[in-house]
Amino acid sequence: MPKSGTTSPTTTAFYIQAVLSFGLALAAVTGGIAYLPVDGWIRGFLALGMLYLITSTFTLAKCVRDRQDETSVLSRVDQARLDKLLAEHDPFKSPAA
C-alpha cells in the first residue's frame, strides 16, 4: 500500500495509449498541413508553428514534473521528521520541571 504523497507508476497500457495518441495527432496535423491548398511558404510556417508547439509542450510537461518531484521530496522530508519526533516521544514520561 503506497504512503500518502507518493504516486503510483504509470502503467504500460497508459504509456502505450499516450504514445499512440501523440503519434496519431502528429500524423493528422502533419497530413492536414501537407494537403492544404496553399503555397509552400504557408505550409512551412504552419509546420514550424506545429514543431514549436510540440517542443513547448514537452518543456512545460518537464517543468510540471520537476515541480511535482520537488514538492514530493519536501513532503517526504517533512514526513520523516514527523515520524522521528513521534518515535522519540514518550507519552508516559513526566514533564521536566
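Definitions and limits used
Residues numbered from 1 in each chain as written. Predicted model: local features only at pLDDT ≥ 70, side-chain atom pairs only at ≥ 80, totals over all residues. Heavy atoms only, no water. Helix = DSSP H or I, 4+ residues; strand = E, 2+ residues; numbered from the N terminus. Expected span 1.5 Å × (residues − 1). Buried < 20%, exposed > 50% of the residue type's maximum accessible area, 1.4 Å probe, protein only. Contact = heavy atoms within 4.5 Å. Salt bridge = Lys/Arg side-chain N within 4 Å of Asp/Glu carboxyl O.

Focus: helix α2 (residues 40-88)
For an α-helix the count is 3.6 residues per turn, leaving residues at separations of three or four pointing the same way. Its 49 residues place the ends of α2 72 Å apart at the C-alpha level, agreeing with the 72 Å of an ideal helix rising 1.5 Å per residue. Along α2, the positions that sit buried rather than exposed are Met50, Ile54 and Ser72. Contacts from the buried residues of α2 go to α1 (12-34).

With respect to the pattern of salt bridges
Under the defined criterion, the tally for this structure stands at 2 salt bridges. With its nearest N and O atoms 2.6 Å apart, the salt bridge here joins Asp66 to Lys62. Of this pair, Asp66 and Lys62 both sit in helix α2, 4 residues apart, roughly one helical turn. Using a relative accessible area of 30% as the deciding quantity, one classes Asp66 as partly exposed. Assessed through its relative accessible area of 43%, Lys62 is described here as partly exposed. Measuring nitrogen to oxygen at the nearest pair gives 3.2 Å for the salt bridge that ties Arg65 to Asp66. Residues joined by salt bridges that share partners form a network here, namely Lys62, Arg65 and Asp66.

Remember that the coordinates give geometry; whether it matters functionally is a separate question.
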